[in-house]
Amino acid sequence: MKEPFLDPMEKQRKFINDRDGFDLSAPPSFKINEIRAAIPQHCWVKSTWRSLSYVLRDMLVIFTLIAASTHLNNSFFWPLYWTAQGTMFWAIFVLGHDCGHGSFSDNSKLNSLVGHVLHSSILVPYHGWRISHRTHHQNHGNIEKDESWVPLTEKIFKELPPKSRILRFTVPFPMLAYPLYLWFRTPGKEGSHFNPNSSLFKADERKLVVTSTLCWTLMVVLLAYLSFVVGPVQMLKIYGVPYLIFVMWVDFVTYLHHHGHDEHKLPWYRGKEWSYLRGGLTTVDRDYGMFNNIHHDIGTHVIHHLFPQIPHYHLVEATKAAKPVLGKYYREPKKSGPIPFHLMKSLARSLSQDHFVSDTGEIVYYETEPNLYKNSAGKLN
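Quantities reported herein were computed from a predicted structural model and do not represent experimental measurements.

## Re the nonpolar core
By size, the foremost hydrophobic cluster in this structure holds 58 residues, and its most contacted members are Trp90, Phe93, Tyr178, Tyr239, Phe246, Phe252 and Tyr288. Secondary structure elements with two or more residues in this core: α3 (48-72), α4 (77-101), α5 (108-121), α6 (126-138), α9 (178-184), α10 (206-230), α11 (232-256) and α16 (341-353). In this structure tryptophan 90 touches Phe246, Trp249, Val250, Val253, His295 and Ile298, once residues within four positions along its chain are discounted. Counting residues in hydrophobic clusters, the runner-up holds 22 residues, among them Leu24, Leu266, Val302 and Phe307.

## Remarks on α6
A rise of 1.5 Å per residue sets the reference length of α6, with its 13 residues, at 18 Å; its end C-alpha atoms lie 18 Å apart and thus fit the reference within 8%. Counting buried positions over the 13 residues of α6 gives 11, a clear majority of the element. Along α6, the positions that sit buried rather than exposed are Tyr126, His127, Gly128, Trp129, Arg130, Ile131, Ser132, His133, Thr135, His136 and His137. Residues of α6 that are buried in the fold lie against α4, α5, α9, α10, α12 (276-280) and α14 (301-306).

## A closer look at the side chain of serine 120
Inspection of the secondary structure assignment puts serine 120 in helix α5. In contact with serine 120, other than residues within four places in its own chain, are Gly115, Cys215, Trp216 and Met219.

## Things to note about the pattern of salt bridges
Under the defined criterion, the tally for this structure stands at 10 salt bridges. Aspartate 106 is paired through a salt bridge with lysine 46; the nearest N and O atoms lie 3.3 Å apart. In this pair, aspartate 106 sits in the loop between α4 and α5 while lysine 46 sits in the loop between α2 (32-38) and α3, placing the two residues 60 residues apart along the sequence. Measuring nitrogen to oxygen at the nearest pair gives 3.0 Å for the salt bridge that ties lysine 265 to aspartate 354. With lysine 265 in the loop between α11 and β1 (268-269) and aspartate 354 in the loop between α16 and β2 (363-364), this residue pair connects regions lying 89 residues apart in the sequence.

## Structural notes on the environment of serine 275
Relative to the elements of secondary structure, serine 275 occurs in the loop between β1 and α12. Taking the C-alpha atoms as reference points, serine 275 and glutamine 138, 137 residues apart in sequence, are found 9.7 Å from one another.

## Some points on the side chain of histidine 342
Among the secondary structure elements, histidine 342 is positioned in helix α16. Judged by relative accessible area, which is 15%, histidine 342 ranks as buried. Among all residues touching histidine 342, those that are not within four sequence positions of it are Asp287, Lys334, Lys335 and Ser336.

## Regarding the confidence of the model for the chain
Confidence along the chain averages 91 in pLDDT terms, with 93% of residues attaining 70 or more. Throughout residues 1-6 the model reports pLDDT below 50, and contacts reaching past four residues in sequence, or to other chains, amount to two contacts.

## Digging into α11
Here α11 contains 25 residues, and its C-alpha end-to-end distance of 34 Å stays within 8% of the 36 Å for a straight helix at 1.5 Å per residue. The largest bend in α11 is about 35°, located at isoleucine 238, with the proline proline 242 one to four residues further on.

## A look at the packing of α10 against α11
Axis angle and axis distance: for two packed helices, these are the angle between their axes and the distance between the axes, and together they describe the pair. At a minimum axis distance of 7 Å, the contact between α10 and α11 shows a crossing angle of 125°. When the axes of α10 and α11 are compared, the pair comes out oblique. On the side of α10, the interface is formed by Met219, Leu223, Leu226, Ser227 and Val230, while α11 contributes Pro232, Gln234, Met235 and Tyr239. Classifying every residue of the contact of α10 with α11 gives seven nonpolar, two polar and no charged.

## With respect to a nonpolar patch on the surface
A cluster of nonpolar residues, Leu222, Tyr225, Leu226, Phe228, Val229 and Val230, forms a patch on the protein surface that exposes about 620 Å² of accessible area. Counting through the fold element by element, leucine 222 comes out in helix α10.

## Let's talk about the packing of α6 against α10
In the contact formed by α6 and α10, the axes pass within 6 Å of each other and the chain directions differ by 130°. Judged on the interaxial angle alone, α10 and α6 are oblique. Facing Tyr126, His127, Gly128, Arg130 and Ile131 of α6, the residues of α10 in contact are Leu208, Val209 and Ser212.

## Comments concerning unusual backbone geometry
Working note: non-glycine residues mostly have negative phi, and peptide bonds are mostly trans. The linkage connecting valine 171 with the following residue, proline 172, adopts the cis geometry, with an omega of 10°. Its place among the elements puts proline 172 in the loop between α8 (162-168) and α9. With a phi angle near 50°, tryptophan 149 is a residue other than glycine that sits in the positive phi range. The backbone of arginine 185 shows a phi angle near 60°, a positive value even though the residue is not glycine. Judged by relative accessible area, which is 13%, arginine 185 ranks as buried.

## Points about the packing of aromatic side chains
Tallying each qualifying case throughout the model produces 27 aromatic pairs. Each ring, one from tryptophan 78 and one from tryptophan 82, has its centre 6.2 Å from the other, and the planes form 25°; the classification is stacked. You can see tryptophan 78 and its partner tryptophan 82 sitting in helix α4, four residues apart, about one turn around the helix. Considering the side-chain rings of tryptophan 149 and tyrosine 255, the 5.0 Å spacing of their centres and the 90° angle between planes classify their relative orientation as edge-to-face. Note that tryptophan 149 is positioned in the loop between α6 and α7 (154-159) and tyrosine 255 in helix α11, a separation of 106 residues in sequence. Just as tryptophan 149 is buried, tyrosine 255 falls in that class too. Chaining the aromatic ring pairs together yields one cluster made of Phe89, Trp90, Phe93, Trp129, Tyr178, Tyr181, Tyr239, Tyr243 and Phe246. Positioned above the aromatic ring of phenylalanine 157 is the side chain of arginine 165, whose terminal nitrogen or guanidinium carbon lies 5.2 Å from the ring centre.

What counts, and at which threshold
Residues numbered from 1 in each chain as written. Predicted model: local features only at pLDDT ≥ 70, side-chain atom pairs only at ≥ 80, totals over all residues. Heavy atoms only, no water. Core = buried A, V, L, I, M, F, W, Y, C linked by side-chain atoms within 4.5 Å. Buried < 20%, exposed > 50% of the residue type's maximum accessible area, 1.4 Å probe, protein only. Helix = DSSP H or I, 4+ residues; strand = E, 2+ residues; numbered from the N terminus. Contact = heavy atoms within 4.5 Å. Expected span 1.5 Å × (residues − 1). Salt bridge = Lys/Arg side-chain N within 4 Å of Asp/Glu carboxyl O. pLDDT = per-residue confidence, 0-100. Bend = angle between axes of the 7 residues up to and from the residue. Axes fitted to C-alpha atoms, helices over the stretch in contact; angles between N-to-C directions. Parallel < 35°, antiparallel > 145°, perpendicular 65-115°, else oblique. Nonpolar A, V, L, I, M, F, W, Y, C, P; charged D, E, K, R; others polar. Patch = residues over 30% accessible without salt bridge, like charges linked within 9 Å, V, L, I, M, F, W, Y side chains within 5 Å. Areas by Shrake-Rupley, 256 points an atom, 1.4 Å probe, with all protein chains shown as cover. Phe/Tyr/Trp six-rings, centres within 6.5 Å; stacked < 30°, edge-to-face > 60°. Lys NZ or Arg CZ within 6 Å of the ring centre and 35° of its normal.

Right under this line is the structure:
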């Protein structure tokens, strides 16, 4: 009997889901309130003092590393310092991220104060990023409205200059994209996290954006002054290289929370097929080995996306409680050794395969441009 005709995307979707008989894009039988009810009540409770203790811990480590680097100041120690300090910059970013969600404390003024201090210190405009990140959470998995690592449509992909195409999908360049995203957003979207008049923000949010841009500017001025005092090379070693390591962490982690799952391609939605719950279920938990505790369990990401009000120190317990409700919609993360080398393979595989999505269709998956490097290289010559 002749197999019925399926268009290419339907064939891909059939292949993706027939391997274990489960269709991740199918509407779940449970409601978000059922997940919420499964999570113990104490997991929703925010402890200001506990949150502040993590800030104190991380800042002590950061200043201890600075003191050690200036005291030892040798070629053997500097690479260790850069790796450790860049990771700690990432850790305080996560705490500032909690402030942005209001999961740091019930005190909104304290959230804003701590968020500005932490994020400005690593050159992130707190309110500008907080607002766009809120948009990301409210529209996760929605091609048209999501804000973080949004898929390129085929039309936008093909309109990119050849050089941009190659850089976007070649390591390490995508892992250095975060500062450019803050200034220019992503292809197909306009605006800046520093500009209060950007389309990212509502009229009543513009003063907040001015405040965070001013704090960011003061940090730049401070760094310039310190470069004059201790010398630009020394500041590059103390701050510049760790900042680049931090940027790599931001891009690495945020990308892998929405791409490159080993067993299933993840669906993206448009129109009536999208819902908050379905979009949130396409996020991915990751195990970062020894870094899980250091960066405050941000790899426990599915429950965080559905319920960003839960403090980071309750995410592991909340996820464990929710798994019976989520069933196959929860994908258990692959266990990591101390260093998550397996995630580097997931990143490389995803960047080689996940290039664009169809311009049409309400449930779509990433497609691959097989001649990406060949065609683009030819146009560069």
